[in-house]
Amino acid sequence: MTIPQGPNQRWSLDFVSDMLADGRRFRVLVVVDDFTRECLALVVDTSLSGIRVERQLDHRAEQRGLPLMIVSDNGTELTSRAILAWQEEHGVEWHSIAPGKPVQNAFVESLNGRFRDERLNEHTFRCLHMARRIIETWRIGYNTRRPQTSLGGLTPDEFATRSRQGHNQNRVGL
């Protein structure tokens, strides 16, 4: 796979699991823009079907446009009929990584590690509402207050803004 050269060229998806204080399991759909390193979504629920993933992708696309490609593992939610139909309908290339090779989805795996260490391992969530609130606060902070060396010391939001401005300037000059 080629390295993305601009925002929205490639998104990565993955799931992270955790448990509420009462023992009920929940999952988090993680969506990352591989170029800007923005965490586009952390969707928390007890069940995240292919149809639910499709709705989240539509929501993200409404906000920022469709990606050219999505990278994910071969989980059942991500290989469902709903996702295959969505990908076909929107003309988005879908790349499934090789089984057992999470390094092929390194951008989202890197974020997953930070997310687990800094949020999931540090909190006992009493309910889904609490988990959603705390996790969304972390996502916003990750995007707006965490400079990254891979982005030249900018936060993902700052890098994305500069990238879009540069892209728009290049289009004007054409």
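In the block above lies the structure referred to throughout.
Residues numbered from 1 in each chain as written. Predicted model: local features only at pLDDT ≥ 70, side-chain atom pairs only at ≥ 80, totals over all residues. Heavy atoms only, no water.

Student: Please explain the pairing of strand 2 (residues 25-33) as it appears in this structure.
Tutor: A regular strand places its side chains so that they alternate between the two faces of the sheet. The buried count for strand 2 comes to seven of nine residues, which makes it a mostly enclosed element. Examined bridge by bridge, strand 1 (residues 10-19) and strand 2 share nine bridges and lie antiparallel to one another. In the sheet register, Ser17 faces strand 2, and the bridge partner there is Arg27. Hairpin connection from strand 1 to strand 2: five residues lie between these consecutive antiparallel strands, with Gly23 at a positive phi of about 95°. One ladder, built from six bridges, connects strand 2 with strand 3 (residues 39-45); its direction is antiparallel. Note on strand 3: the bridge partner recorded for Arg27 is Asp45. In this structure, the hairpin formed by strand 2 and strand 3 is closed by a connection of five residues, where Arg37 is found at a positive phi of approximately 65°. (Buried < 20%, exposed > 50% of the residue type's maximum accessible area, 1.4 Å probe, protein only. Helix = DSSP H or I, 4+ residues; strand = E, 2+ residues; numbered from the N terminus. Pairing = 2+ DSSP bridges.)

Student: Sorry, what's going on with the pattern of salt bridges here?
Tutor: Once the charged atoms of two side chains with opposite charge are near each other, the side chains can pair. For the coordinates displayed, the defined rule picks out nine salt bridges. Between Asp22 and Arg24 there is a salt bridge, with its nearest N and O atoms 3.0 Å apart. A relative accessible area of 41% means that Arg24 is categorised as partly exposed. When the shortest N-O distance is used, the salt bridge between Glu38 and Arg64 registers 2.9 Å. Here Arg64 lies in helix 1 (residues 50-64) and Glu38 lies in the loop between strand 2 and strand 3, a separation of 26 residues in the sequence. For Glu38, a relative accessible area of 6% corresponds to the buried category. Among the charged side chains, a network of salt bridges with common partners joins Asp33, Glu38 and Arg64. (Salt bridge = Lys/Arg side-chain N within 4 Å of Asp/Glu carboxyl O.)

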